[in-house]
Structure formats: C-alpha cells, structure tokens
Amino acid sequence: MKHFRTLSGVAAIALMASAGVASATTLEDVQARGTLNCGVTTGLAGFASPDDQGNWTGLDVDMCRAVAAAVLGDSEAVKYVPTTATERFTALQSGEVDLLARNTTWTFSRDVQLGFEFVGVNYYDGQGFMVRSELGVASALELDGASVCVQTGTTTELNLADYFRANNMELNSIVFQKNEEARQAYDEGRCDAYTTDASGLAAERSVLTAPGDHIILPEIISKEPLGPLVRHGDNQWGDIVRWTLNSMIIAEEFGVTSENVEEMKGSENPEVQRLLGVEKVEEGQARMGSMLGLSDEWAYNIISMVGNYGESFEAHVGVKTPLGLARGLNQLWSKGGLLYAPPMR
C-alpha cells in the first residue's frame, strides 16, 4: 500500500535522517540481539497477517524470514512489529525496526527526502477499484459521484483525488486510518467502492462476507513498485537486504528450490555455485558471503528455510491461494515479467 505523511511528519523524518540517526552497525545489532525486528503491516492477507496463534505469514513476511535466515541462520528469529500508515516510517528511522517489509511503494521523496533506501521490488503493483457486482459498474470511469472508502495517510488517497479530478468526476472520499477499517466499512455498505493496490483488493476481497459478490474493475491508475526498505547510512545492511531479495530471484531463475537446494550444491553452473557458497576460490579470494560479512551458506539458508521467489509467491498470493493472483509483471524477466536480478559474480 502507498503512504504519505503530513508536512510536519515528513520534516521530522527528514531531520532525523540528516542528523544521522541510522545506525552504522545494524548487522552487529541484529546479531547481538539474536532477533531481526521487522516492520510489517497490521494485517493484509497474502502479504503479512497473523493467525489465531500469532504466527505471521505472507510474501512480505517471507522477506523478513529470508533476512533472518541470511544473517542469523534462523528464519524464525524474527520479531514482527505491526505498523500503521502513519507509524511505519518513524519506526524505521528511529531504529525501532531494522527493516520495513510492508507493501510500501518506492517513490522519489521516500527514497531521497525521508532518508530511506529501497533495496528492490518484491511486488509490482498498481492502484485499482472494487465494487459490488449489483452496482452494475464496469469501469472506474462510471464512478462519478460515488463514495469511495480509502485509507488515509497514503498515496492511494492522493491518486484517487487525482484520478477523479483528471476525469472531471465528483468524488466523495470516506477515509480510515487502517486498511482493515476501510475494508470493513465497504463490506458494510458504507461506501460504493473501495480503492487500494490491486493486490490489496484481491487480498481484502478474499475476507469479505461474500467475496463472490464483488468485482475488481479493470482500470489500474498508478504505478506501485512495492519493496523492502532500510535506513540511509548503513550500506552493508542495505547490501544484505538487497541481495537477500536478489538471491531468491536468482534461485528461481536457475531452478534452485527449497526441495532441491542440497542437491544443487553439486551443480556445475558457476552462478549456482556462487549462490550456494560452494564455488572454488583462489587463496585470499573471498566468497559472496564473506563480502557481505555473512557465512558462506547465507543464501543456502535463505532458500532451504524460505524458498525461492516463485515458491514464496505461489504459497501466499498465487493462483492456488484465496487471492488467486497470476504472476503477470511479477514473473521472471526470462518469462515476460519484470523480475530481473543482477548477476551473482
């Protein structure tokens, strides 16, 4: 989901960034603590949501688990910190969390002004609309005068206003602090439509009282590259999180899975060997893990404990899940999608 802050909030975060709040030893802090503090959403099916026992699962949760596997050798060594739209950036900048994996859109101002570093995209998305089938609406352009439930403190709210203004339509926004509040209000019939990221619409529709009574309209009105982010000022930590995501993409590209990763240690493919930390090196030459300050098995741990990107996608948001999302733009570059990781060499 996409979020903005008030001017005073933006200024405060920018001030913290310029003051050098970001720790230069995040890796040491996490290893000394023995736990990764990972900021997630307060609950979004398929991306980050807890069950009745408090066990978190989802595509973003797997990002947290993968970093813990790489750094601590234990994908379960994660403390999940639920954050709202208005809390999440402060939680990251203040050091309350080491990493934010909260379906957050990569934008210029967040990357530059707020002092954050987006390390990649783990889901390419775009904003859409959901309505009840009985409304008889087939296009977002037919929503003139409609009431629309939307989460405040988000660029979703800004995009909504821009879209209606650009198309000369009257808008009645009904705003809520949390996405689950907006979804509940829509489910109760308090608004005609609900808007958020298309993936979020699929997630929220899956938990409505009667999911089959609702349709997602075809218009996508924005670009929403969602991904994990860290604080500026700790390049080593940024590299670790970036290459955690890249390693999951590379693993899928070369057919390395949680099921065959042990067998793939015997692969003759040089990139697979480098990925799994088994390549032959000359005396004095470092393997990839050492370059990151991690063990040689950092990526092996990620894949064996969490899986590759494709495994994570299909387990949490894919066509066989309640969300039923096709890979689309989130397919590998070699299969017509946008997922493209730099080479591991």
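Residues numbered from 1 in each chain as written. Predicted model: local features only at pLDDT ≥ 70, side-chain atom pairs only at ≥ 80, totals over all residues. Heavy atoms only, no water.

J.: Would you mind showing me how to read the overall build of the protein here?
T.: Across its full length, the protein carries 13 helices and 14 strands. Taken over the C-alpha atoms alone, the protein extends approximately 70 × 45 × 40 Å along its principal axes. A burial count over the protein gives 54% of its 345 residues as buried. Counting every atom, the protein has about 14,400 Å² of accessible surface; 50% of that belongs to carbon and sulfur. Of the side chains in the protein, 25 bear a positive and 46 a negative charge, and the two mean positions are spaced by 2 Å. (Helix = DSSP H or I, 4+ residues; strand = E, 2+ residues; numbered from the N terminus. Buried < 20%, exposed > 50% of the residue type's maximum accessible area, 1.4 Å probe, protein only. Areas by Shrake-Rupley, 256 points an atom, 1.4 Å probe, with all protein chains shown as cover. Lys, Arg positive; Asp, Glu negative; His and termini not counted. Charge placed at Lys NZ, Arg CZ, Asp CG, Glu CD.)

J.: Got a minute to help me understand the environment of Leu 208 in this structure?
T.: On the secondary structure map, Leu 208 appears in the loop between α8 (198–205) and β12 (214–216). Look at Leu 208 and you get buried, because its relative accessible area is 5%. Expressed as a C-alpha distance, the spacing of Leu 208 and Pro 270, which sit 62 residues apart in the sequence, is 48 Å. Beyond its immediate stretch of four places on either side in the chain, Leu 208 contacts Met 130, Arg 183, Tyr 186, Asp 187 and His 214. (Contact = heavy atoms within 4.5 Å.)

J.: Any chance you could explain the pattern of salt bridges here in plain terms?
T.: A pair can form between side chains of opposite charge whenever their charged atoms are brought close. Counted according to the given criterion, the structure contains 12 salt bridges. Glu 117 is the partner of Arg 242 in a salt bridge, and the nearest nitrogen-oxygen pair spans 2.5 Å. Of this pair, Arg 242 sits in helix α9 (residues 235–253) while Glu 117 sits in strand β6 (residues 116–118); the two residues are 125 residues apart in sequence, bridging distant segments of the chain. A salt bridge links Arg 183 to Glu 204; the nearest nitrogen and oxygen atoms lie 2.9 Å apart. (Salt bridge = Lys/Arg side-chain N within 4 Å of Asp/Glu carboxyl O.)

J.: Looking at this structure, how should I read the pairing of strand β9 (residues 147–151)?
T.: Side-chain direction in a regular strand flips from residue to residue, so the side chains alternate between the two faces of the sheet. Of all 5 residues that make up β9, 5 are buried, and the element is covered over most of its length. Covered by surrounding structure in β9 are Ser 147, Cys 149 and Gln 151 together with Val 148 and Val 150, the residues of both alternating faces. Both β9 and strand β10 (residues 172–176) contribute to a ladder of 5 bridges, which runs parallel. The residue of β10 that forms the bridge with Ser 147 is Asn 172. Between β9 and its parallel partner β10, the chain crosses via helix α6 (residues 155–166), and the hand of that crossover is right-handed. Pairing of β9 with strand β11 (residues 193–197), which is carried by 2 bridges, proceeds in the parallel orientation. For Cys 149, the partnering residue across the bridge sits in β11 and is Tyr 194. (Pairing = 2+ DSSP bridges. Right-handed = clockwise from strand over helix to strand, strands pointing away.)

J.: How do you make sense of the nonpolar core when you look at a structure like this?
T.: Side chains of a nonpolar character, in soluble globular proteins, are inclined to be buried together. Core analysis: the biggest nonpolar cluster contains 61 residues, and Leu 36, Trp 237, Val 256, Leu 275, Leu 276 and Trp 298 have the highest contact counts within it. The dominant element in this core, judged by the number of residues it contributes, is helix α3 (residues 59–72), at 10 residues. With near-sequence residues (within four places) excluded, Leu 275 lies in contact with Ser 247, Ile 250, Ala 251, Val 256, Ala 299, Tyr 300, Ile 303 and Met 344. Core analysis: the next-biggest nonpolar cluster, separate from the first, contains 14 residues, Phe 129, Ala 140, Ala 146 and Tyr 163 among them. (Core = buried A, V, L, I, M, F, W, Y, C linked by side-chain atoms within 4.5 Å.)

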